[in-house]
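Coordinates in review
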Amino acid sequence: MKKLLLLGLVALFLAACSQEKAEIALDPVAFHSGDECHVCGMVINEWTGPKGEAIDGRNGEVKKFCSTTDLFTWYLQPENKQFKGAIYVHDMAKAHWDKPDDHYLIDASTAFYVQGSKKHGMGPTLASFSSQEAAEHFAHEQGGRVLSFAQISIDTLSEIARQGADPEAPAAAHPAHGH
């Protein structure tokens, strides 16, 4: 009887080990009234402008951010360079600046961003768009320069911080590469 029970337990263990890991959902999730920013702890929906979120592909954990600037502040840290998952931002060509609709969350890595515009969220922020044309139109109307995801760096964030400290400071001393 003991052998039969032991064989049954071994069979269950092997069956459990052989099952494929369940798929982790990487779809964007809605922002809720009590959500707090992963970086600064502020209540996210109390701020205007585009928000961001990162969904960890290993465990499905969602980190939410009150601005695209805070999203990049987190993402560009050395310990997050190996992040595997999905990152989303609001498409501000479709979403209203004062209260972005979560139906318009887009892949942050393919988005275009405007740095240094007159529009602010929780301070100066990176306005996010699904197309370069929409970002260029926004920059023409609101000021700033257009950047791709890959062009945003710690230096970009430093420029944004300087702009927040001195709203009269120019967005950048040099034009974006390729624009």
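Scroll up a little and you will see the structure.
Overview of the structure. (Residues numbered from 1 in each chain as written. Predicted model: local features only at pLDDT ≥ 70, side-chain atom pairs only at ≥ 80, totals over all residues. Heavy atoms only, no water.)

1. Some details on helix α3 (residues 132–142)
Quick reminder of the rule: Each residue is placed in one exposure class: buried if its accessible area under a 1.4 Å probe, protein chains only, is under 20% of its type's maximum, exposed if it is over 50%, and partly exposed if it falls in between. By definition, any uninterrupted DSSP run of H or I lasting at least four residues is a helix, any uninterrupted run of E lasting at least two residues is a strand, and each is numbered from the N terminus. Of all possible arcs, the one meant is that of the directions from the helix axis to the C-beta atoms. We call two residues in contact when some of their heavy atoms are within 4.5 Å.
Every buried residue of α3 is accounted for by Ala134, Ala135, Phe138 and Ala139. The arc enclosing the buried residues of α3, seen along the axis, measures out at 135°, which places them on a common side. In α3, the exposed positions that point more than 90 degrees away from the buried face belong to Glu133, His137 and His140. Taken together, the buried residues of α3 touch β5 (112–115), β8 (127–129) and β9 (145–148). Downstream of α3 by one or two residues, glycine 143 has phi in the positive range, about 85°.

2. Points about the sheet that holds strand β3 (residues 85–90)
Put simply, the rule reads: Two strands qualify as a pair provided DSSP detects at least 2 bridges between them. Axis definition: a line fitted to C-alpha atoms, limited for helices to the stretch in contact. Angles are taken between N-to-C directions and run from 0 to 180 degrees.
With antiparallel pairing, the four strands of this open sheet are ordered in space as β2-β1-β3-β4. In this open sheet, the two edge strands, each paired with only one partner strand, are β2 (62–65) and β4 (105–107). Within the sheet, the average angular offset between the axes of one strand and its neighbour, ignoring direction, is 25°. Along the sheet, helix α2 (residues 68–75) contacts β1 (52–56), β2 and β3; its crossing angle with β3, the most-contacted strand, is approximately 155°.

Note that all results are geometric; they support no functional claim without further evidence.
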